[in-house]
Structures are given as C-alpha cells and as structure tokens.
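Structural description and commentary
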Amino acid sequence: MILYITVAAGTVLLASMVNNHAALQPYRITRQQMCNRVSIFAVFLILFALSACRLNVGNDYAKYVEFMHLVNFNSYVPTEAGFNLLVKIIYGISGFENYLLVFAVYSFATVFLFLLAIYEQSDDFPMTYFLFMMLGYYFQAFSTVRYYLALAIALYSMKFAVRRQWGRFIALALLGSFFHKSLLVIIPLYMLASAAWKKWQLALIGLFCTTFLFMQDFYLKVVVFLYPTYEDTEYLEGGTSYINILRCLAVLALSLIYYRKSIRDDKRLRFYFYLNLGALALYVFCSFLPIISRIGYYLTVSHILFIPALIKETDNEKMRRLLKLGVILAAICYFAVFMSRADDDGMLLLPYKTFFFNDMVNILSDVN
C-alpha cells in the first residue's frame, strides 16, 4: 500500500507542474512546454513501469494468463478477436508464452490513452489527473485489463462526440470493441448525450426509464441475447453502487448551479452533464442488469473532466478555492476507502508482486 500511495502522491506532484493550456510560441519550445513534456513523460514512465512489472496482481491476472494459454492452442476463449490476435502475435514473435509482454502492451496503451485524453481535453490537467488517480481508474486497470483499455478509448473518443465527428468516433469505438465489445454501448449513449434535449424530451426519457422497473425479465432476455455466455451464470446477478449514486448526485447538484450560466449553451459541458444524468439513471433504474457498473463507468469517467471544468466556471475566487478544497478532500477519502479494500478478492491489488522477485502461480491448465 505504501508503494501505491507513494506512486499516487509522486505522480500527482509531477502532474501539478503541467499546464496544458500554456501559450505556444512560434518556432521555439517554451520553458513551460519543456516542463510539460518532461513531467508527463515521467508520469507515464512511472505508471507504465508499475503496471507492466506486476505479476499476479489484479483479481483476474491468472485468468488472463489461462486465456492466453488457450488462445495459443486455438482453444475457445470468451475474449474478443483483438485480444486473441495480439496474444497470437506476441507469442509467435517471442517463441514462448510471453504473457508478461502482453500485459505490458496493454499497460502501455491504457496509460498512454488516458494521459493523452486528459492532456487534450481537460481544463485543468493537474486536477483531472488527481481525480484520475484518487478515483482509482489507474489501479483498477490492474484488473479487467481489456475493459480499462476500452475505458481509456472511451475517454479519448469524447472529444469526437463533442465535435460531432461521428466518423472518427464510430471508427474508434468499433476498433476498441475488438478488445472489449462492451465499448459499443458508447455509440448510442454518447450520441444521445451530445444532443441538446428539451425538457419535454427529457421527461419522455425519464418515463421510458421507469419501464426498467417492471419489465426486468424482458431486458434480461435482451442481455442474454447479446451476451449468450451470461446465461445461467453469476454475471446475470444485478447490483448497483450507492457510492456511485452519491457521486452522480453530488456532480448533478454542483452542475445545476452552473446550468443556466455555463452548461446549457456549451455543447461540451452539456455533453458531460447528460453523461452524468444518464449514469444516475442507469444506477437507479437498471441495477438488476448484469455488470451495470461497467456501462456506468463509460459515463462517469467524464467526471474527471467535468468537475475541473465546473470549478473553473466559479467566478468568485474564494468560493472556487473552497470548492476545489472540498473536491480534493472528498477524492482523498474515496482513495482511502479504495485502498482499504485493495486486498479484497474482487480487487487483489495487494500485495504488490513483480516478476523480478516472484514466480507465477500455476494456472488451471497447469493443474489439470
């Protein structure tokens, strides 16, 4: 845990030196630009190294090693074509089952895309990066590596949805779906969030959401049709997160203060506003759906961009500082709770092990 806290604190300190809106000078690199490059590269190197050097850290690490082993022998696995092809290529080039390199490639791509998305889209890089670390997005990527690569792609694709560059947006979503097919849900969800909805239209959408309360069997059948491997498994068990509901409510309350002033006529802020509203609706009305949190994360990951943008919209300097302090304290508390559960079966982030000093445990195929 000390290692994780040190990495979080150290990289947040490095990120505090980044100004992603610094003025550019023609034909020369400014001191701030150089500082940005050095700081971001250092952050990337630390995050990538910690993730790539881990061994059997994350609740499904061994399961992924098993999947890779089966892919190598052309056996059936429930993973997508992109994942399987990547394993085939890396194992073929390496000449052995080099699962460490597969995890390293995923770590590289995931960290790179998250940092790129934050740098290009955030109103306040240090604050957005702080929330990215405190809300656990980086550390949770040690588990479900396919999903968190998809989540990084989703965050990066938001700029195309805001600009309504639908060709680029859909192409990126389709490409990402070859590594985790759940990414396809962002196509309709982000398109809906990019629209300028009227009150009566929102009322109709709210009315439609109530159908999830009394047509649960129908919607579960739809899920089984789309994901046949979920049938008769624990994945069909629903469940929601009260912490995420509270978080969405807090962001909604804050955003309503600025709705008329800033959000209503700003397509980017309005996009984030509707993503948060959609996430709240999912968590409240669709808790019976399997792994609803994964769909919700595609929406709530926008909080790391939305919250700093709202803080920036606060005109009163004293109020802005108080609001920022409140967000920082709340995020630290969230991180503390997250770290206290890091050794739970659903996470298994502790103890941290590296392949330099540890050997991989036997996977299912080895035992059989």
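Quick notes on the rules
Residues numbered from 1 in each chain as written. Predicted model: local features only at pLDDT ≥ 70, side-chain atom pairs only at ≥ 80, totals over all residues. Heavy atoms only, no water. Helix = DSSP H or I, 4+ residues; strand = E, 2+ residues; numbered from the N terminus. Rg over C-alpha atoms; globule rule 2.2 N^0.38 Å. Buried < 20%, exposed > 50% of the residue type's maximum accessible area, 1.4 Å probe, protein only. Contact = heavy atoms within 4.5 Å. Areas by Shrake-Rupley, 256 points an atom, 1.4 Å probe, with all protein chains shown as cover. Lys, Arg positive; Asp, Glu negative; His and termini not counted. Charge placed at Lys NZ, Arg CZ, Asp CG, Glu CD. Salt bridge = Lys/Arg side-chain N within 4 Å of Asp/Glu carboxyl O. Phe/Tyr/Trp six-rings, centres within 6.5 Å; stacked < 30°, edge-to-face > 60°. Patch = residues over 30% accessible without salt bridge, like charges linked within 9 Å, V, L, I, M, F, W, Y side chains within 5 Å. Axes fitted to C-alpha atoms, helices over the stretch in contact; angles between N-to-C directions. Parallel < 35°, antiparallel > 145°, perpendicular 65-115°, else oblique. Left-handed = near helix turned anticlockwise from the far one by under 90°. Nonpolar A, V, L, I, M, F, W, Y, C, P; charged D, E, K, R; others polar. Core = buried A, V, L, I, M, F, W, Y, C linked by side-chain atoms within 4.5 Å. Expected span 1.5 Å × (residues − 1). Arc of directions from axis to C-beta. Polar contact = N/O pair within 3.5 Å; in protein donor to acceptor, adjacent residues only side chain to side chain.

Once that is clear, we can look at the overall build of the chain. Scanning the chain from terminus to terminus reveals 20 helices and 0 strands. Computed over C-alpha atoms, the radius of gyration of the chain comes to 21 Å, within 12% of the 21 Å expected from 2.2 N^0.38 for 368 residues, which places it in the range of a compact globule. Within the chain, the fraction of its 368 residues that count as buried is 48%. For the chain, restricting intrachain contacts to residue pairs at least 6 apart in sequence, the fraction spanning at least 24 positions comes to 74%. When the accessible surface of the chain is totalled, it reaches about 18500 Å², and 66% of it is carbon and sulfur. Positive and negative side-chain charges in the chain, numbering 30 and 22 respectively, have mean positions lying 14 Å apart.

To continue, consider helix α18 (residues 303–312). Within α18, 9 of the 10 residues are buried, which leaves it mostly tucked inside the rest of the structure. The set of residues buried in α18 consists of His303, Ile304, Leu305, Phe306, Ile307, Pro308, Ala309, Leu310 and Ile311.

With that settled, consider the pattern of salt bridges. One pass over the full model with this rule turns up 8 salt bridges. Note that Asp123 is salt-bridged to Arg268, the shortest N-O span being 3.0 Å. Taken together, the positions of Asp123 in the loop between α5 (99–121) and α6 (125–134) and Arg268 in helix α16 (residues 267–285) put the pair 145 residues apart, joining distant regions of the chain. With a relative accessible area of 15%, Asp123 lands in the buried category. Between Asp315 and Lys261 there is a salt bridge; the shortest N-O distance is 3.8 Å. You can see Asp315 sitting in the loop between α18 and α19 (317–340) and its partner Lys261 sitting in helix α15 (residues 259–263), a full 54 residues away along the chain. Several salt bridges converge on common partners, so that one network encompasses Lys261, Glu313 and Asp315.

This part is about the packing of aromatic side chains. With the rule as written, the count across this model stands at 34 aromatic pairs. On the numbers, 4.1 Å between centres and 10° between planes, the contact of Tyr61 with Phe103 is stacked. Here Phe103 lies in helix α5 and Tyr61 lies in helix α3 (residues 61–72), a separation of 42 residues in the sequence. Neither Tyr61 nor Phe103 differs from the other in exposure class; each is buried.

Another point: a nonpolar patch on the surface. Residues Leu213, Phe214, Met215, Phe218 and Val222 make up a contiguous nonpolar surface patch of roughly 480 Å² in combined accessible area. Listed by contribution, the elements that provide at least two residues to the nonpolar patch are α12 (211–214) and α13 (216–226). Positionally, Met215 belongs in the loop between α12 and α13.

Moving on, we get to the packing of helix α1 (residues 2–15) against α6. Where α1 meets α6, the axes come as close as 9 Å, and the angle between the chain directions of the two elements is 165°. If you check the angle between α1 and α6, you find them roughly antiparallel. Two packed elements cross with a definite hand, and for α1 against α6 that hand is right-handed. Contacts between α1 and α6 involve Ala8, Thr11, Val12 and Ala15 from the former and Phe125, Pro126, Tyr129, Phe130, Met133 and Met134 from the latter. When the residues that make up the contact of α1 with α6 are grouped by side-chain class, the tally is 9 nonpolar, 1 polar and no charged.

Further remarks concern the nonpolar core. The tendency in soluble globular proteins is for nonpolar side chains to be buried as a group. Counting 117 residues, the largest nonpolar core has Phe132, Phe139 and Tyr190 as the members making the most contacts within it. Not counting residues up to four positions away in its chain, the partners in contact with Phe132 are Leu47, Phe114, Ile118, Tyr137, Tyr138 and Ile304.

A few words now on α1. The periodicity of an α-helix, 3.6 residues per turn, causes residues three or four places apart in sequence to face the same way. Counted at 1.5 Å a residue, the expected span for α1 with its 14 residues is 20 Å, and the 20 Å between its end C-alpha atoms agrees. Turning to α1, its buried residues are Tyr4, Val7, Ala8, Thr11 and Ala15. When α1 is viewed along its axis, its buried side chains cluster within an angular range of 95° and face the same direction. Residues of α1 that are exposed and point more than 90 degrees away from the buried face comprise Ile2 and Leu13. Buried positions along α1 lie against α2 (31–52), α6, α7 (137–140) and α19.

Side chains of Arg163, Arg164, Arg168 and Lys267 sit close together on the surface and give a patch of like positive charge. Examined against the element boundaries, Lys267 turns out to sit in helix α16. A residue is classified by how much of its surface remains accessible, and Lys267, at 49% relative accessible area, is partly exposed.

Relative to the elements of secondary structure, Arg54 occurs in the loop between α2 and α3. Buried and unpaired, Arg54 has Asp60 as its nearest opposite-charge partner, separated by 6.6 Å. For Arg54, the side chain forms a polar contact with the main-chain oxygen of Val57, separated by 3.2 Å. At a separation of 3.1 Å, a polar atom in the side chain of Arg54 contacts the main-chain carbonyl oxygen of Phe142. Sequence-distant contacts of Arg54, that is, excluding residues within four places in its chain, are made with Tyr61, Leu100, Phe103, Ser107, Ala141, Phe142, Val145, Tyr352, Lys353, Thr354 and Phe355.

Functional significance is not addressed by these values, which are geometric in nature.
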